[in-house]
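# Chains, contacts and geometry: an overview
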Amino acid sequence: MDNGSGNQFISTLHPSGEYDVAIIGGGLAGLALSIQLAKEHYKVVVLEKENYPFHKVCGEYISLESWNFLEQLGYPLSDMDLPIIKNLIVSSPNGKSIQQKLPLGGFGISRYKIDADLVQIARATGVVVMEGVKVNDVIFKNEFSDIFCAAFSMRARMVAGCFGKRSNLDIKWKRRFALLKTGKLNNYIGVKYHIKTNFPADSIALYNFNDGYCGISNIENNTCCFCYLTTASNLKKSNNSIDKMEKEILYKNPYLKNIFCNAEFLWKEPVTIAQVSFTKKKQVENHVLMLGDAAGMITPLCGNGMSMALHSSKIAAGLILQFLQGQLSRQKMELQYEKKWKTEFGGRLRTGRIIQRLFGKPLLTNIFIGLMKPFPRITALLIRQTHGEPF
């Protein structure tokens, strides 16, 4: 397969060269949106810069609020024997820990698997999925958007941006969060491994260290996702060596040291991402509806980004369908999307940013966990503030 030119995809374009909806990014939000729209017999294209299957930096825990929705898309979760996660463990850098039952709970599945499975469902539903295609720009004119890729262009009545935490389009469009100077909420790096280790299948743990935290939970095939977030400055202090940073900083948490020293690491190198930002984002840019992390990213320690991506696709699908059917003007569709998105997720993001500030500094984290241990109801309340109801 030609990886990047896009020439091999021209024959798959709709004969008119136009689509009802073009979706930039084929992750959870993009694929779920495409399936919903294609089921209503609209012409939908998904443009994904990678080639399936592929790994992404992600905690790989999905809240059970998304279970029914995924099955409605045609994803047979009930037949897959995935680990159901009911318990949360949080440790401070010095090894103090608290445990808490998760009010709703979740399940573990890798992005490598779920994205590849959903893309098959999308294609079976009639979605045109183009892999290895990078979108360079989208220009709105006369009620259509022209989408420009390296070797071809296309038109669509509606465009959705599902391109994750950071994209070349964020820079191209000069989105505010992408132009901010580095600060406490917009200069993180993410590192992910898949490992084999003896970790309870019904639990997820968050292990704090200086200026960061690491999550571990089970996914399919008796494997664990082991993923951490830390500041770019931590990496810089370690001469830009991930291995050195892990040994000098993460190992200070005894739980993390034990995992690094005793687990079987399944990859030679981790998957990484840089310039992760938790600052506020706009939900509509250039008449493109933003979904998932492109619209606003919840801190990974809240463990709910994947469910938010899926839920945002359901909100967007309902409004896009009304627009395509002539029941809503473009302006009203965009305004209603922003309003519904903020109503559903605004509080979660605010709580996530507050919690983010409480973790990462050893003294503050140690004190906070020490104070929380005798008050499990407060811990449960914080968890509920970052999760929603089944949708």
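For the structure, see preceding data.
Report follows, based on the coordinates.

About the cut-offs
- Residues numbered from 1 in each chain as written.
- Predicted model: local features only at pLDDT ≥ 70, side-chain atom pairs only at ≥ 80, totals over all residues.
- Heavy atoms only, no water.
- Helix = DSSP H or I, 4+ residues; strand = E, 2+ residues; numbered from the N terminus.
- Buried < 20%, exposed > 50% of the residue type's maximum accessible area, 1.4 Å probe, protein only.
- Contact = heavy atoms within 4.5 Å.
- Phe/Tyr/Trp six-rings, centres within 6.5 Å; stacked < 30°, edge-to-face > 60°.
- Expected span 1.5 Å × (residues − 1).
- Pairing = 2+ DSSP bridges.
- Disulfide = S-S within 2.5 Å.
- Axes fitted to C-alpha atoms, helices over the stretch in contact; angles between N-to-C directions.
- Parallel < 35°, antiparallel > 145°, perpendicular 65-115°, else oblique.
- Left-handed = near helix turned anticlockwise from the far one by under 90°.
- Core = buried A, V, L, I, M, F, W, Y, C linked by side-chain atoms within 4.5 Å.

What follows covers the overall build of the protein chain. Looking only at helices and strands, the protein chain has 12 helices and 17 strands in total. The 391 residues of the protein chain split such that 58% are buried. Within the protein chain, contacts between residues at least 6 apart in sequence are counted, and of these 72% link residues at least 24 apart.

What follows concerns the packing of aromatic side chains. This structure, assessed with the given rule, holds 15 aromatic pairs. Ring plane angle 35° and centroid distance 6.4 Å describe the contact between Tyr193 and Phe226, whose orientation is recorded as tilted. Of this pair, Tyr193 sits in strand β10 (residues 188–196) while Phe226 sits in strand β13 (residues 224–231), placing them 33 residues apart in sequence. Phe226 shares its class with Tyr193; the two are buried. For the pair Phe226 and Phe260, a centre-to-centre distance of 5.1 Å together with 65° between the ring planes defines the contact as edge-to-face. In this pair, Phe226 is assigned in strand β13 and Phe260 in helix α8 (residues 254–262), connecting sequence segments 34 residues apart. With a relative accessible area of 11%, Phe260 lands in the buried category.

The next thing to look at is helix α3 (residues 111–125). Taking 1.5 Å of rise per residue, 15 residues should cover 21 Å, and α3 covers 21 Å from first to last C-alpha, within 8% of that figure. Among the residues of α3, those classed as buried are Arg111, Ile114, Asp115, Ala116, Asp117, Leu118, Val119, Ile121 and Ala122. Buried residues belonging to α3 abut α1 (28–39), β3 (61–63), α2 (67–72), β6 (128–131) and α9 (305–324).

The subject of this paragraph is the pairing of strand β11 (residues 203–209). Most of β11 is tucked away: 7 of the 7 residues are buried. Burial along β11 is two-sided: the face carrying Ser203, Ala205, Tyr207 and Phe209 and the face carrying Ile204, Leu206 and Asn208 are both buried. Where strand β4 (residues 84–91) meets β11, 5 bridges bridge the pair, whose relative direction is parallel. Each bridged residue has a counterpart across the sheet, and for Val90 the counterpart in β11 is Leu206. In this structure, β11 lies alongside strand β12 (residues 212–218), joined through 6 bridges in antiparallel fashion. Its bridge partner lying in β12, Ile204 is registered against Ser217. Hairpin remark: β11 followed by β12, antiparallel, with 2 residues in the connecting loop; positive phi at Asp211, about 60°.

Along the chain, Phe152 falls in the loop between β8 (144–149) and β9 (153–161). With 17 residues separating them along the chain, Phe152 and Val135 place their C-alpha atoms 9.8 Å apart.

Over its 20 residues, α9 runs 28 Å from end to end, which matches the ideal 28 Å to within 8%, given 1.5 Å per residue. Of all 20 residues in α9, 16 are buried; the element is thus mostly enclosed. Where α9 ends, the next residue or the one after it, Gly326, has phi of about 80°, a positive value.

As for its position among the elements, Asp115 is in helix α3. Given the relative accessible area of 1%, Asp115 is considered buried. Not counting residues up to four positions away in its chain, the partners in contact with Asp115 are Gly26, Gly27, Leu28, Leu31, Tyr52 and Lys56.

Let's shift gears to the state of the cysteines. Applying the stated rule across the entire model yields 0 disulfides. Free of any disulfide, Cys225 has its nearest cysteine sulfur in Cys227, 5.2 Å distant. Residue classification places Cys225 among the buried residues on the basis of a relative accessible area of 1%.

At a minimum axis separation of 9 Å, α1 and α3 run at an interaxial angle of 20°. Looking at the two axes, α1 sits roughly parallel to α3. Crossing handedness for the pair α1 and α3: left-handed. Listed contacts from α3 to Leu28, Leu31, Ser34, Ile35, Ala38 and Lys39 of α1 are Arg111, Ile114, Asp115, Leu118, Val119, Ile121, Ala122 and Thr125.

To continue, consider the nonpolar core. Counting 83 residues, the largest nonpolar core has Ile147 and Ile320 as the members making the most contacts within it. For this core, the element with the highest residue contribution is α9, accounting for 12 residues. Those residues in contact with Ile147 that sit more than four places away from it in its chain are Ala22, Leu47, Val135, Asp137, Val138, Phe152, Ser153, Met154, Arg155, Ala156 and Val159. Counting residues in each nonpolar core, the second largest holds 23 residues, with Ile195, Ala205, Ile216 and Ile249 among its members.

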